[in-house]
Amino acid sequence: MLDLLKDLWGFMRVRKKFWLAPIIIILLLLGVLLVLTQGSAVAPFIYTLF
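Small disclaimer: the values here were computed from a predicted structure and weren't measured. (Residues numbered from 1 in each chain as written. Predicted model: local features only at pLDDT ≥ 70, side-chain atom pairs only at ≥ 80, totals over all residues. Heavy atoms only, no water.)

Visitor: I'd like to hear about the packing of helix α1 (residues 2-15) against helix α2 (residues 20-36), residue by residue, with values.
Guide: At a minimum axis separation of 11 Å, α1 and α2 run at an interaxial angle of 155°. With respect to their mutual orientation, α1 and α2 come out roughly antiparallel. In this structure, α1 contributes L8, F11 and M12 to the contact, and α2 contributes L20, A21 and I24. Residue classes in the contact of α1 with α2 are distributed as 6 nonpolar, no polar and no charged. (Axes fitted to C-alpha atoms, helices over the stretch in contact; angles between N-to-C directions. Helix = DSSP H or I, 4+ residues; strand = E, 2+ residues; numbered from the N terminus. Parallel < 35°, antiparallel > 145°, perpendicular 65-115°, else oblique. Contact = heavy atoms within 4.5 Å. Nonpolar A, V, L, I, M, F, W, Y, C, P; charged D, E, K, R; others polar.)

Visitor: An account of unusual backbone geometry is needed here, citing residue identities and associated values.
Guide: A positive phi angle is found at K16, which is not glycine, with a value near 60°. By the element assignment, K16 lies in the loop between α1 and α2. Residue class for K16 comes out exposed when judged on its relative accessible area of 61%. (Buried < 20%, exposed > 50% of the residue type's maximum accessible area, 1.4 Å probe, protein only.)

Visitor: Tell me about α1, and please be specific about residues and values.
Guide: Here α1 is 14 residues long and its end C-alpha atoms lie 20 Å apart, about the 20 Å a rise of 1.5 Å per residue gives. Trailing α1 by a residue or two, K16 shows a phi angle of about 60°, which is positive. (Expected span 1.5 Å × (residues − 1).)

Visitor: Please provide a residue-by-residue account of the confidence of the model for the protein, values included.
Guide: Mean pLDDT over the protein: 83, with 94% of residues reaching 70 or higher. Within the protein, α1 carries the highest mean pLDDT (90), whereas helix α3 (residues 43-47) carries the lowest (71). (pLDDT = per-residue confidence, 0-100.)

If you want it as structure tokens, here you go:
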């Protein structure tokens, strides 16, 4: 996983695609949110967003 992040950062740095960083961070945060709330009472409200 760490190698993937290093490669991704290297790609963004070389190709000057820094605008991808916020998109990737938001996608990761949404993924973590879905995993953490999967078994809780908040899950039905999260799933209505998608």
